[in-house]
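# Observations on chain architecture
One-letter residues, chain by chain:
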Amino acid sequence: MERRAILPAFSTSLLAMVLLLPAPALAATPRYDGADVVWVAIAAALVFLMQAGFALLESGLSRAKNAVNVLMKNYMDLCVGTLAFWALGFGLMFGANPSGWLGQSLFAPSQGDSDLWTLMLFQLMFAATAATIASGAMAERTRYVGYLCGAVAITGLIYPLFGNWAWNSDGWLARLGFVDFAGSTVVHSVGGWCALAGILVVGPRLGRFDRQGAPREIRGHNLSFVALGGFLLWFGWFGFNGGSTVAASVDIALINLNTQLAASAGALGSALYRLAGRRPVLLTETVNGSLAGLVGITAGCATMSPGFAVLTGLVAGLLVGPGGRLLLALKLDDVVSAVPVHAFAGAWGTLAAGLFYSGDLFDPERITVQLLGIVVAFAWAFFAALILYMLLALSAGLRAPALHEQRGLDVSEHAELGYPEFSQPHLYDAEVAGGLESRR
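Quick summary incoming for the structure in this document. (Residues numbered from 1 in each chain as written. Predicted model: local features only at pLDDT ≥ 70, side-chain atom pairs only at ≥ 80, totals over all residues. Heavy atoms only, no water.)

### With respect to the overall build of the protein chain
Using the following cut-off: Secondary structure elements are defined from DSSP: runs of H or I of at least 4 residues count as helices, runs of E of at least 2 residues count as strands, and each element is numbered from the N terminus. Buried means the residue's accessible area, taken with a 1.4 Å probe over protein chains only, is under 20% of the maximum for its type, while exposed means over 50%, and partly exposed covers the values in between. Contacts: residue pairs with any heavy atoms within 4.5 Å of one another. To be clear on the numbers: accessible area is Shrake-Rupley with a 1.4 Å probe, and residue cover counts the displayed protein chains and nothing else.
A tally of helices and strands in the protein chain yields 16 helices and zero strands. Across the 440 residues of the protein chain, 57% fall into the buried class. Intrachain contacts of the protein chain at a sequence separation of at least 6 include 78% that bridge at least 24 residues. Accessible surface, the protein chain as shown: approximately 17500 Å² in total, 68% of it carbon and sulfur.

Now the structure itself:
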């Protein structure tokens, strides 16, 4: 069997075994009335729309020769992530949890009531968001099958285990009082630390750094996609944060107001950083600044006053530029700045949720718990993903061959081109064209 087929075959076998398990005993789930179910279903659809935002943002920041590849990764990590989370991740995250470390029921559930299905629907969308963060960071040089195997492991194991500790009512971090209302750390920092591990293992794109290690700029092919993707992500975030009430509650008003304020302040913070350095204000960095503001407020959007939401978003936006420069200084190639936007801003937002907790500001005990959660999230997600991607590099293969990277992964991985009328002869010649036809 070819090594690229080993992990997909293993994943299929694992899913088959899970499906053959007896129906699990259902853990206690919250109770939802009809209005709650309607709101959660709408919010889940909004979070689903964020996948389109990620696809446009990441594709726009990549080169035209990799547009299809980036879109396919975003499309399929939602699909394989949904199945992995349903089969394994949901149970690990929300199943009965007597140990405080992992769930022991609700694997591949096919029996339940509307309360279970409501919770599962919403949480499926969160799991897909965590998985897709690594896609943009590792774009333009990562093999398709290797990436999807990583997405399965993130949604099925890495993300739900930390989610169990923080969001399962019996999780050990939850019992300590860890505050992360909608997932600055549970979703975004975990996804960001996985992205950091991925770019360490896969390495930078060809030509990203010169022989002296100085970075060369590689521009994205469509900044209109970047702006549109940013708008879609921002729109979806009202479901991401507001839907985390998992109830048709009056609290949604403050949550979504804080979301809007923080996103706006994040864009402003990013712009101010550029202006302070007497550099042009970039569209790409401004969009990422608003996303960093959204990531930052996600932990404390329900427990923070609007003024502190503005401060949280402003600081998160200010982190984007220096965070990207730090990665370049370390010779790390993050195509879409996923690590600064999701990992760094997520960690800050989680700390801010402890600092600016309404009615109990700057409580040292809560701040200590928040710092503990941030450190644990990094230690678990980064090192688990590092091992995962190293194993994938040795088995399924993670780095695309240099020739494929030069010609573009659209050709080598998918036998399609996003922009065939603009293809360059040295990238799409008669040999390649014949290969495409033979593979259809």
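### Topic: the pattern of salt bridges
In a structure, side chains of opposite charge can pair up when their charged atoms sit close to one another. Put simply, the rule reads: The salt bridge criterion pairs a side-chain nitrogen of Lys or Arg with a carboxyl oxygen of Asp or Glu, the two atoms within 4 Å.
For the structure on display, the rule yields ten salt bridges. A salt bridge links R219 to E217; its shortest N-O distance comes to 3.5 Å. Note on R219: relative accessible area 61%, which makes it exposed. Notably, a salt bridge pairs R399 with E405, separated by 2.8 Å at the nearest N-O pair. By relative accessible area, which is 28% here, R399 ends up partly exposed.

### Quick word on empty space enclosed by the protein
For the record, the criterion: Points on a 1 Å grid, built from protein atoms alone, make a cavity when a 1.4 Å probe fits but cannot get out and make a pocket when they are open with protein on both sides within 12 Å along at least 5 of 7 lines; residues with an atom within 4 Å of a point are the lining residues. Grid points are joined across faces, edges and corners, and a volume is the space filled by probe spheres set on the points. As a working rule, the residues Ala, Val, Leu, Ile, Met, Phe, Trp, Tyr, Cys and Pro are called nonpolar, Asp, Glu, Lys and Arg charged, and the rest polar, with Gly in that last group.
Taken as a whole, this structure holds one cavity of 30 Å³ or more when the rule is applied. The calculated volume of the largest cavity comes to roughly 60 Å³. Taken together, F54, L57, E58, I133, N288, L291, V336, A338, V341 and H342 form the lining of the largest cavity. Breaking the lining of the largest cavity down by element, the ones donating at least two residues are helix 2 (34-60), helix 10 (283-297) and helix 12 (338-355). Among the residues making up the lining of the largest cavity, the classes are represented as seven nonpolar, two polar and one charged.

### Focus: the nonpolar core
What counts, and what does not: In plain words, nonpolar cores are sets of buried Ala, Val, Leu, Ile, Met, Phe, Trp, Tyr and Cys residues tied together by side-chain atoms within 4.5 Å.
Residues I158, Y159, F162, W167 and Y389 are the most contacted members of the largest nonpolar core, which totals 110 residues. No other element matches the 14 residues that helix 5 (residues 144-167) contributes to this core. With near-sequence residues (within four places) excluded, F162 lies in contact with L173, T185, V186, V190, G373, V376, A377 and W380.

### Overview of the packing of helix 2 against helix 4 (residues 114-137)
Note the cut-off: With axes taken as lines fitted to C-alpha atoms, and helix axes fitted only over the stretch in contact, angles between N-to-C directions fall between 0 and 180 degrees. For this classification, under 35 degrees means roughly parallel, over 145 means roughly antiparallel, 65 to 115 means roughly perpendicular, and everything else is oblique. Less than a right angle of anticlockwise turn of the near helix away from the far helix marks a crossing as left-handed, whereas a clockwise turn marks it as right-handed.
Their axes nearest at 9 Å, the elements helix 2 and helix 4 cross at an angle of 10°. In this view, helix 2 runs roughly parallel relative to helix 4, as classed from their interaxial angle. Viewed along their axes, helix 2 and helix 4 form a crossing whose handedness is left-handed. From helix 2, V37, V40, A41, A43, A44, V47, F48, Q51, F54 and E58 reach across to helix 4, where they touch T118, L121, F122, M125, F126, A128, T129, T132, I133, S135 and G136. For the contact of helix 2 with helix 4, the residue count by class is 14 nonpolar, six polar and one charged.

### What about the environment of I154?
By the element assignment, I154 lies in helix 5. As for I154 and G191, which are separated by 37 residues in sequence, their C-alpha atoms are 8.2 Å apart. Beyond its immediate sequence surroundings of up to four residues, I154 is in contact with A130, A131, Y159, P160, C194, L388 and Y389.

### Considering the packing of aromatic side chains
Aromatic ring pairs: the centre-centre distance and the angle between the two ring planes describe each pair. This is how the line gets drawn: Only centres within 6.5 Å qualify two rings of Phe, Tyr or Trp (six-membered ring in Trp) as a pair; their planes then separate them into stacked at under 30 degrees, edge-to-face at over 60, and tilted for everything else.
Tallied over the full model, the rule gives 20 aromatic pairs. With a centroid separation of 6.0 Å and 75° between ring planes, the pair formed by F85 and F90 is classed as edge-to-face. The burial state of F85 is the same as that of F90; both residues are buried. Aromatic pair F126 and F240: ring centres 4.1 Å apart, planes at 10°, arrangement stacked.

### So, the packing of helix 4 against helix 5
The N-to-C vectors of helix 4 and helix 5 enclose an angle of 125°; their axes lie 9 Å apart at closest approach. Here helix 5 runs oblique to helix 4, going by the angle between their axes. Helix 5 is crossed by helix 4, and the crossing has right-handed handedness. Between helix 4 and helix 5, the residues in contact are Q123, F126, A127, A130, A131, T132, A134 and S135 and Y147, A151, I154, T155, Y159 and W167, respectively.

### A few points about the environment of Y389
Turning to its location among the elements, Y389 is positioned in helix 13 (residues 364-394). A relative accessible area of 0% means that Y389 is categorised as buried. Spatially, the C-alpha atom of Y389 lies 10.0 Å from that of A153, the residues being 236 residues apart in sequence. For Y389, the residues in contact, after removing those within four places along its chain, are A134, M138, G150, I154, C194, A197, G198, V201 and L398.

### A look at helix 12
So the rule is basically this: By this rule the span expected of a helix is its residue count minus one, scaled by 1.5 Å. Here the bend at a residue is taken as the angle between two axes, fitted respectively to the seven residues that end there and the seven that start there.
Taking 1.5 Å of rise per residue, the 18 residues of helix 12 would be expected to cover 26 Å, and the 25 Å separating its terminal C-alpha atoms lies within 8% of that figure. The sharpest bend along helix 12 reaches about 30° and sits at A345.

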